[in-house]
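Close look at the chain arrangement
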Amino acid sequence: QKEVEQNSGPLSVPEGAIASLNCTYSDRGSQSFFWYRQYSGKSPELIMSIYSNGDKEDGRFTAQLNKASQYVSLLIRDSQPSDSATYLCAVRPPDDYKLSFGAGTTVTVRA
Amino acid sequence: KAGVTQTPRYLIKTRGQQVTLSCSPISGHRSVSWYQQTPGQGLQFLFEYFSETQRNKGNFPGRFSGRQFSNSRSEMNVSTLELGDSALYLCASSLSIVANEKLFFGSGTQLSVL
């Protein structure tokens, strides 16, 4: 079982719609969760971090965490063509000095 | 504030050669991590350094090694290159005392092994 699993996509959404990305993780003791965005040919950049159960909103982005279900998600509201990228879910296992990344979900926003 | 700087940006090597990649973290960041990214495997953790000490190592063969200097700059070395080592190698630095919190990535070094 992979440590972090994401919907492989690709996910295509019309401009203005909500894009929903899902991620599950295997280590129940994990405490830190991140979403990175990676444009084609570029390096990953952090867009959201979440540590507690519930929702965390930042502009058009909302991260949701459910530790009981070992599930973290990212919602992109009012999707724009500039949101077209690969979104990487990352989890830090307990007592570990690394981040485990999912394979990423590629999002395409259609104008 | 300057970001994470990686050099060189591109490298072409042949099998059996060795290569050294360099990373300068954001000023004040003491944790440096290295990742390998390939289309098939995604981002794979190589190792992490903090104050010149390797704190964690991923599941890569011993041909992959690294070090960190007193100014937090880091180098990664791959010896006896294989075709499968072709990948984007990303360095990331972190301010947090807990390693790998809020990583900031460099632009990467694209290594091609022929």
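Look up: the structure comes first, before these words.
Residues numbered from 1 in each chain as written. Chains lettered and ligands numbered in written order. Predicted model: local features only at pLDDT ≥ 70, side-chain atom pairs only at ≥ 80, totals over all residues. Heavy atoms only, no water.

A few words on the overall build of chain A. Looking only at helices and strands, one finds zero helices and eleven strands in chain A. For chain A, the succession of helices and strands along the chain, N to C, is β-β-β-β-β-β-β-β-β-β-β. Radius of gyration (C-alpha) of chain A: 13 Å, near the 13 Å computed for a compact globule of 111 residues. Taken along its principal axes, the extent of the C-alpha atoms in chain A is 45 × 30 × 20 Å. With 111 residues in all, chain A has 47% of them scored as buried. Taking the contacts inside chain A whose residues are at least 6 apart along the sequence as the reference set, 53% of them involve residues at least 24 apart. Element-wise, carbon and sulfur atoms account for 45% of the exposed surface of chain A, whose accessible area totals about 5,200 Å². Side chains of chain A give 11 positive and 12 negative charges; the mean places of these two sets differ by 2 Å. (Helix = DSSP H or I, 4+ residues; strand = E, 2+ residues; numbered from the N terminus. Rg over C-alpha atoms; globule rule 2.2 N^0.38 Å. Buried < 20%, exposed > 50% of the residue type's maximum accessible area, 1.4 Å probe, protein only. Contact = heavy atoms within 4.5 Å. Areas by Shrake-Rupley, 256 points an atom, 1.4 Å probe, with all protein chains shown as cover. Lys, Arg positive; Asp, Glu negative; His and termini not counted. Charge placed at Lys NZ, Arg CZ, Asp CG, Glu CD.)

Bringing the overall build of chain B into the picture now. In terms of regular secondary structure, chain B is built from zero helices and eleven strands. Relative to a compact globule of 114 residues, whose C-alpha radius of gyration would be 13 Å, chain B shows 13 Å and is just as compact. Counting only C-alpha atoms and orienting by the principal axes, one finds that chain B spans roughly 40 × 25 × 25 Å. Relative to its full complement of 114 residues, chain B shows a buried share of 51%. Counting only contacts in chain B whose residues sit at least 6 apart along the sequence, the fraction spanning at least 24 positions is 55%. Carbon and sulfur atoms form 50% of the exposed surface of chain B, whose accessible area is close to 5,300 Å². For chain B, the distance from the average site of its 11 positive side-chain charges to the average site of its 6 negative ones is 4 Å.

This part takes up the nonpolar core. Residues and elements named next belong to chain A. Judged by nonpolar contacts, the single largest core of 23 residues is most densely connected at Leu21, Trp35, Val72, Leu74 and Tyr87. Contributions of two or more residues to this core are made by β3 (19-25), β4 (32-38), β5 (45-50), β7 (61-66), β8 (71-76), β9 (85-92) and β11 (105-110). Residues contacting leucine 21, with those up to four places away along its chain left out, are Leu11, Trp35, Val72, Ser73, Leu74, Ile76, Tyr87, Thr105 and Val107. (Core = buried A, V, L, I, M, F, W, Y, C linked by side-chain atoms within 4.5 Å.)

Turning next to the interface of chain B and chain A. When the parts of a complex come together, some accessible area is lost, and that lost area is often used as the size of the interface. Between chain B and chain A, the contact holds 18 residues from the first and 17 residues from the second. Around 1,500 Å² of area is buried between chain B and chain A when both sides are counted, 57% of it from carbon and sulfur atoms. Summed over the shared surface of chain B and chain A, the result is four residue pairs in polar contact (both at pLDDT 80 or more). Elements represented by at least two residues in the side of chain B that touches chain A include exactly β4 (31-38), β5 (42-50) and β6 (53-57) of chain B. Here the element with the most residues in the side of chain B that touches chain A is β5(B); it accounts for three residues. Taken together, the residues of the side of chain B that touches chain A break down into eight nonpolar, five polar and five charged. (Buried area = accessible area lost by both parts, 1.4 Å probe. Polar contact = N/O pair within 3.5 Å; in protein donor to acceptor, adjacent residues only side chain to side chain. Nonpolar A, V, L, I, M, F, W, Y, C, P; charged D, E, K, R; others polar.)

What follows deals with the sheet that holds strand β1 (residues 5-7) of chain B. Residues and elements named next belong to chain B. Reading across the sheet, the four strands line up as β1-β3-β8-β7 and stay open at both edges, with antiparallel pairing between neighbours. The open sheet has two edge strands, β1 and β7 (64-68), and neither has a second partner. Averaged over all pairs of adjacent strands, the angle between strand axes in this sheet comes to 15°, irrespective of strand direction. Relative to strand β8 (residues 74-78), strand β3 (residues 19-24) runs antiparallel, the two being bridged by five bridges. When the sheet's bridge partners are listed, valine 19 is paired in β8 with valine 78. (Pairing = 2+ DSSP bridges. Axes fitted to C-alpha atoms, helices over the stretch in contact; angles between N-to-C directions.)

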